[in-house]
Amino acid sequence: MNTIITGTLRDKLRNTALGIAGLALAGGAIAAPALAAQHTPGVQAATTDTVATDSVTTDTVTTSDRVDSDKLTPHGVQGEQSRIDLSGEQTDNVKGIIAATKKAGMDERAAVVAIATALQESKLENLGHLGDRNDHDSQGLFQQRPSSGWGTVEQITDVEYSTTAFLNGLKAVDGWQDMPLTQAAQTVQVSAYPDHYAQWETQAAELVAQHWNS
């Protein structure tokens with residue numbers, strides 16, 4: 001059963017997370033997700049315990065270019081995994097997240113956490129305002145909120161900016177590398193559904209394996 005969090009409590013949670021994250025970007029506060037993390041129609045569930053990176057590399061990627069699976073899912077994956085088919089635009093957003101991760105000097109595991117987070121928050125779509133369906137003013141891949149200090153609408157809907165903002169929050173989480181993915185993501189995002197990031201770890205790892213060296 002999902003716990004209902006009131007606006008006041010949610011604001012308190014965001015304020016607490018802001019103190020933890022200390023984002024380097026201007027006004028880096030922590031936002032709750034815009035999408036009510038319920039399974040989206042069309043999302044395919046697939047139970048898996050391991051990530052086979054070899055099976056997702058393209059013909060143009062040589063053996064020496066393949067990413068070590070231990071770097072992608074060092075703690076294994078938790079629970080039932082979900083998967084969606086990606087459009088060209090969603091794949092471009094994956095590549096943008098990976099490029100921003102490299103630019104930030106962070107590793108493949110950070111990219112997996114970021115992509116899994118974006119899969120949960122927006123299904124890797126760079127969302128604008130959704131009108132009545134929107135959660136407050138959350139927008140973009142990571143559903144960050146201008147009113148919470150993440151940046152302007154133009155900034156948080158820019159793939160590089162929004163990814164860098166998320167990664168700055170992740171960097172500020174002490175020991176994030178040793179946490180399960182969903183715990184690391186939740187510490188930055190402060191979601192009302194803290195365990196729902198875990199379901200995307202396998203697909204996120206496969207996407208990083210496929211595109212990290214492409």
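Residues numbered from 1 in each chain as written. Predicted model: local features only at pLDDT ≥ 70, side-chain atom pairs only at ≥ 80, totals over all residues. Heavy atoms only, no water.

Visitor: Lay out helix H3 (residues 88-103) with the relevant residues and their values.
Guide: Taking 1.5 Å per residue, 16 residues should reach 22 Å; H3 reaches 22 Å between its end C-alpha atoms and fits that length. Packing partners of the buried residues in H3 comprise helix H4 (108-122), helix H6 (159-171) and helix H8 (201-211). Trailing H3 by a residue or two, Gly-105 shows a phi angle of about 75 degrees, which is positive. (Helix = DSSP H or I, 4+ residues; strand = E, 2+ residues; numbered from the N terminus. Expected span 1.5 Å × (residues − 1). Contact = heavy atoms within 4.5 Å.)

Visitor: Can you explain the pattern of salt bridges? Please cite residues and give values.
Guide: Within the structure shown, the criterion is met by three salt bridges. For Glu-206, the salt bridge identified is with Arg-83, shortest N-O distance 2.8 Å. Highlighted residues: Glu-206 in helix H8 and Arg-83 in strand S2 (residues 81-83), separated in sequence by 123 residues. By relative accessible area, which is 26% here, Arg-83 ends up partly exposed. Salt-bridge contacts for Arg-109 lead to Glu-201; the nearest nitrogen and oxygen are separated by 2.8 Å. Residue Arg-109 is located in helix H4, and its partner Glu-201 is located in helix H8; the two are separated by 92 residues in the primary sequence. Considered together, Arg-109 and Glu-201 belong to a single accessibility category, that of buried residues. (Salt bridge = Lys/Arg side-chain N within 4 Å of Asp/Glu carboxyl O. Buried < 20%, exposed > 50% of the residue type's maximum accessible area, 1.4 Å probe, protein only.)

Visitor: Could you give an account of the packing of H6 against helix H7 (residues 181-189), naming the residues involved and the relevant values?
Guide: At a minimum axis distance of 9 Å, the contact between H6 and H7 shows a crossing angle of 110 degrees. The angle between H6 and H7 falls in the class roughly perpendicular. Residue-level inspection shows Phe-166, Gly-169 and Leu-170 of H6 in contact with H7, the latter providing Ala-184, Val-188 and Gln-189. For the contact of H6 with H7, the class distribution of residues is four nonpolar, two polar and no charged. (Axes fitted to C-alpha atoms, helices over the stretch in contact; angles between N-to-C directions. Parallel < 35°, antiparallel > 145°, perpendicular 65-115°, else oblique. Nonpolar A, V, L, I, M, F, W, Y, C, P; charged D, E, K, R; others polar.)

Visitor: Tell me about the packing of H3 against H6, and please be specific about residues and values.
Guide: Viewed as axis vectors pointing N to C, H3 and H6 meet at an angle of 55 degrees, and their least axial separation amounts to 9 Å. With respect to each other, H3 and H6 are oriented oblique. Crossing angle aside, the handedness with which H3 passes H6 is right-handed. Seen from H3, the contacting residues are Asn-93, Gly-96, Ile-97, Ala-100, Thr-101 and Lys-103; seen from H6, they are Val-159, Glu-160, Thr-163, Thr-164 and Leu-167. (Left-handed = near helix turned anticlockwise from the far one by under 90°.)

Visitor: I'd like to hear about unusual backbone geometry, residue by residue, with values.
Guide: The phi dihedral of Lys-123 is positive, around 55 degrees, even though this residue is not glycine. Locating Lys-123 in the fold gives a position in the loop between H4 and helix H5 (153-156). Overall, Lys-123 belongs to the buried group, its relative accessible area being 11%.

Visitor: So what about the environment of His-196? Which residues, and what values?
Guide: Relative to the helices and strands, His-196 resides in the loop between H7 and H8. Take His-196: its relative accessible area is 21%, and that puts it in the partly exposed class. Distance in space between the C-alpha atoms of His-196 and Ala-116 is 9.8 Å, their sequence separation being 80 residues.

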